[in-house]
Amino acid sequence: MSARTYEVRTYGCQMNVHDSERLSGLLEDAGYVRAPEGAAEGEADVVVFNTCAVRENADNRLYGNLGRLAPAKARRPGMQIAVGGCLAQKDRDTIVRRAPWVDVVFGTHNIGHLPTLLERARVQEEAQVEILDSLETFPSTLPTRRESAYAAWVAISVGCNNTCTFCIVPALRGKEKDRRPGDILAEVEALVAEGVVEVTLLGQNVNAYGSDIGDREAFSKLLRACGRIEGLERVRFTSPHPRDFTDDVIAAMAETPNVMHQLHMPLQSGSDTVLRAMRRSYRQDRYLGIIEKVRAAMPDAAISTDIIVGFPGETEEDFEQTLHVVREARFAQAFTFQYSKRPGTPAAVMEDQIPKEVVQARYERLVALQEEISWEENKKQLGRTLEVLVAEGEGRKDDRTERLSGRAPDNRLVHFARPGEPVRPGDMVTVDVTYAAPHHLLAEGPARGVRRTRAGDAWERRNAGEGQKPAGVMLGLPTVGVPAPSPAPAGGCGWAAATRPRGRPPRGGARVPGGAARARPPRPAPVAIMIVSMSAVVGGVGVAQARRARVPR
């Protein structure tokens, strides 16, 4: 009898991608095998939805997808469907009432129970709903099927202590809980031993790390400790909160060679009035002061941000203050969102909700300004020599253009001419930038050099069928840079109530001179519901969804 196949569908930010890799690892540990790529809808024996509760249309999206699977479930009685993540934590048994063909509902705190719940649902022939109110086990202790051989997420904390009025995530993921530094560093060292060269430290409010263990400088100490790990070439972190961004962190970034000069610092609004209504514990002057200090310490730093347009009560004057900060800060990139209500948040019931047409007009003005600034900032890269970490799946046109793609140290996307010698994802290629567009750089000339790395060796072994189950500490590893479009973000409270229509970037760039009908769903099955409240331990990590995966704060 052949092994049962599975498929995991992910909606949300990096934290959800990280959780989905754990779900895959758990299922493979239980004997399931991943369904072949390109398999038809409903062909997998088990389909798992890892959901996000951040966007206004998250519910409609989930139930629409569940409805499309109902005909397949009717044809294949042995097929199972599971729903987990933030939306499952929020809706609980509502999911099986609205979609009675679902077999398992599990929350944000008990992803390790999925194989057991699937088996219980199969044996008992009734849906299983199990929701815990706090985390049983830190997720990084669970088996994981990594998606990359060369770059890794490392969760350093879970949960969020902030109370932003637009964000539902802390209610679903719980209070912040920090991991011990020794556990984090052991995980990083194990990953490096397997070939990883880039690590991103991950937390809902990553630079608040230490508040739970009583050390206000714990995060900067952790950055410096990562700098002492031999073989670790790049360290990033996401996403910090301006309230907790202190001078010792800036110094650690500037003085630790393998900590990249890249910072994602969510702004949300440039208006002090709106920031107060959002319960964001900083003001415009404080934010711009941080940017000034970062640039003084690291003149080459690439800074990006998140901005919400149309928060309740936002006036034209408030919006102009946001444009002012964008002009002053000169972000390399901004993830911009139109505010949308999220039931259960204080902002959803605030007066002075902004008309859609006003929000749209402001949004378009903001996007146009930021596109212009992004282009100007990228043009400053012309003529620079960069060492690019070759990535897998970054360039959609790579095959057609005979190019490869990867990330510069500051995380800018670089497309470059394919070198004459073999290059693998995880290797480093040194190139000269000849062309700049708002969202990428291009190196059209021959590469200056190729450096084969342990990460490239690991990628080669993986694709030769070796090392499918990594040794040592296990955790999820997404691809470098922008993930697949579906699991796009917003992460946590940073983007929790925001939606971002896809904008069209300006054409052109800058170049160096010379250079199916629904079937009736199956009859509702009995439902076993377990809602567990645990007084101990920790909360979860908030997630959200936006164009690119990240956990903004």
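Just so we're clear, the structure is a prediction, and the values are computed from it rather than from any experiment.

1. Section: the overall build of the protein
- Looking only at helices and strands, the protein features 16 helices and 24 strands.
- For the protein, the residues scored as buried account for 59% of the 553 residues in total.
- Only carbon and sulfur atoms are counted for the fraction: they give 49% of the accessible area of the protein, which is about 22100 Å².

2. Structural notes on the environment of His-264
- If you trace the backbone, His-264 turns up in strand S12 (residues 262-264).
- Polar contacts involving the side chain of His-264 include one to the side chain of Ser-304, which spans 2.8 Å.
- Engagement of the side chain of His-264 in a polar contact is seen with the side chain of Asp-306, the distance being 2.9 Å.

3. Overview of the confidence of the model for the protein
- For the protein, per-residue confidence averages 84 on the pLDDT scale, and 82% of positions sit at 70 or higher.
- Here residues 466-508 scores under 50 on pLDDT; set against residues more than four positions off or in separate chains, the count is 180 contacts.

4. Topic: the packing of helix H9 (residues 247-255) against helix H11 (residues 284-297)
- Across the interface, H9 lies against H11 with an axial gap of 10 Å and an inter-helix angle of 25 degrees. The pairing of H9 with H11 is recorded here as roughly parallel in orientation. Judged by the twist between their axes, the crossing of H9 over H11 is right-handed. Contacts between H9 and H11 involve Asp-247, Ile-250 and Ala-254 on the former and, on the latter, Lys-293, Val-294 and Ala-297.

5. Points about the packing of helix H12 (residues 316-329) against helix H13 (residues 356-379)
- Taken N-terminus to C-terminus, the directions of H12 and H13 make an angle of 10 degrees; their axes are 10 Å apart at the nearest point. As summarised for this structure, H12 and H13 are arranged roughly parallel, according to the angle between their axes. Between H12, through Glu-316, Phe-319, Glu-320, Leu-323, Val-326 and Arg-327, and H13, the contact on the second element is made entirely by Arg-362, Arg-365, Leu-366, Leu-369, Gln-370 and Ile-373.
- Classifying every residue of the contact of H12 with H13 gives six nonpolar, one polar and five charged.

6. Details of helix H15 (residues 454-463)
- Residues of H15 that are buried include every one of Ala-455, Gly-456, Ala-458, Trp-459 and Arg-462, and no others. Buried residues along H15 cover an arc of 155 degrees about the axis, so they all sit on one side.
- The N-cap of H15, judged by a side-chain oxygen 3.3 Å from the amide nitrogen of Ala-455 a few residues on, is Thr-453.
- A positive phi of about 95 degrees marks Gly-465, the residue just after H15.

7. Structural notes on the sheet that holds strand S11 (residues 234-238)
- Reading across the sheet, the three strands line up as S7-S10-S11 and stay open at both edges, with parallel pairing between neighbours. Each having just a single partner strand, strand S7 (151-155) and S11 make up the two edges of the open sheet. With direction set aside, neighbouring strand axes in the sheet form an average angle of 25 degrees.
- Alignment of S7 against strand S10 (residues 198-202), held across five bridges, turns out to be parallel. The partner of Ala-151 across the bridge, within S10, is Glu-198.
- The sheet contacts of helix H7 (residues 181-193) involve S7 and S10, and relative to S7 the element is tilted by about 165 degrees.

8. Let's talk about the environment of Cys-13
- Topologically, Cys-13 is positioned in the loop between strand S1 (5-10) and helix H1 (14-29).
- Linking Cys-13 and Cys-52, residues 39 residues apart in sequence, is a C-alpha distance of 8.4 Å.

9. Some words on the packing of aromatic side chains
- In the structure shown here, the tally under the stated rule is six aromatic pairs.
- For the pair Tyr-11 and Phe-49, a centre-to-centre distance of 6.5 Å together with 5 degrees between the ring planes defines the contact as stacked. Separated by 38 residues along the polypeptide, Tyr-11 in the loop between S1 and H1 and Phe-49 in strand S3 (residues 46-51) bring together distant segments of the chain. Like Tyr-11, the residue Phe-49 is buried in the burial classification.
- Taking 6.4 Å as the distance between ring centres and 80 degrees as the angle between the ring planes, the aromatic pair formed by Phe-166 and Phe-311 counts as edge-to-face. Of this pair, Phe-166 sits in the loop between strand S8 (157-158) and helix H6 (169-173) while Phe-311 sits in the loop between strand S13 (302-309) and H12; the two residues are 145 residues apart in sequence, bridging distant segments of the chain.

10. So, helix H8 (residues 218-226)
- Among the nine residues in H8, seven count as buried, and that is most of the element.
- Looking at H8, one finds that the buried residues are Ala-218, Phe-219, Ser-220, Leu-222, Leu-223, Ala-225 and Cys-226.
- Along its buried surface, H8 packs onto H7, S10, S11 and H9.

11. A word on the state of the cysteines
- This structure, assessed with the given rule, holds zero disulfides.
- Of all cysteine sulfurs, the one in Cys-52 lies closest to Cys-86, which takes part in no disulfide; the gap is 6.3 Å.
- Its relative accessible area of 1% is what places Cys-86 among the buried residues.

12. What to know about the nonpolar core
- By size, the foremost hydrophobic cluster in this structure holds 56 residues, and its most contacted members are Leu-201, Phe-219, Leu-223, Phe-237, Phe-245 and Val-294.
- Setting aside anything within four residues of it in sequence, one finds Phe-237 in contact with Thr-200, Leu-201, Val-206, Phe-219, Leu-223, Phe-245, Met-253 and Leu-263.
- Counting residues in hydrophobic clusters, the runner-up holds 41 residues, among them Ala-53, Met-79, Ala-88 and Cys-167.

13. Section: the side chain of Thr-200
- Considering the arrangement of structural elements, one finds Thr-200 in strand S10.
- According to the relative accessible area criterion, Thr-200 is buried, its value standing at 8%.

14. A closer look at the pattern of salt bridges
- All chains considered together, the criterion is met by 31 salt bridges.
- Linking Arg-330 and Glu-376 is a salt bridge whose minimum nitrogen-to-oxygen distance equals 2.6 Å. Note that Arg-330 is positioned in the loop between H12 and strand S14 (333-339) and Glu-376 in helix H13, a separation of 46 residues in sequence.
- Since its relative accessible area comes to 25%, Arg-330 is described here as partly exposed.
- The network of salt bridges with shared partners includes Glu-314, Glu-316, Glu-320, Arg-362 and Arg-365.

15. Describing the pairing of strand S20 (residues 440-443)
- Relative to S20, strand S17 (residues 413-417) is paired through three bridges, and the arrangement is parallel. Bridge assignment links Val-414 to a residue of S20, and that residue is Leu-441.
- The sheet contact formed by strand S19 (residues 435-437) and S20 spans three bridges and is antiparallel. Residue pairing in the sheet places Ala-436 in a bridge with Leu-441 of S20.
- Connecting the antiparallel pair S19 and S20 is a turn made up of two residues.

Rules used throughout
Residues numbered from 1 in each chain as written. Predicted model: local features only at pLDDT ≥ 70, side-chain atom pairs only at ≥ 80, totals over all residues. Heavy atoms only, no water. Helix = DSSP H or I, 4+ residues; strand = E, 2+ residues; numbered from the N terminus. Buried < 20%, exposed > 50% of the residue type's maximum accessible area, 1.4 Å probe, protein only. Areas by Shrake-Rupley, 256 points an atom, 1.4 Å probe, with all protein chains shown as cover. Polar contact = N/O pair within 3.5 Å; in protein donor to acceptor, adjacent residues only side chain to side chain. pLDDT = per-residue confidence, 0-100. Contact = heavy atoms within 4.5 Å. Axes fitted to C-alpha atoms, helices over the stretch in contact; angles between N-to-C directions. Parallel < 35°, antiparallel > 145°, perpendicular 65-115°, else oblique. Left-handed = near helix turned anticlockwise from the far one by under 90°. Nonpolar A, V, L, I, M, F, W, Y, C, P; charged D, E, K, R; others polar. Arc of directions from axis to C-beta. Pairing = 2+ DSSP bridges. Phe/Tyr/Trp six-rings, centres within 6.5 Å; stacked < 30°, edge-to-face > 60°. Disulfide = S-S within 2.5 Å. Core = buried A, V, L, I, M, F, W, Y, C linked by side-chain atoms within 4.5 Å. Salt bridge = Lys/Arg side-chain N within 4 Å of Asp/Glu carboxyl O.

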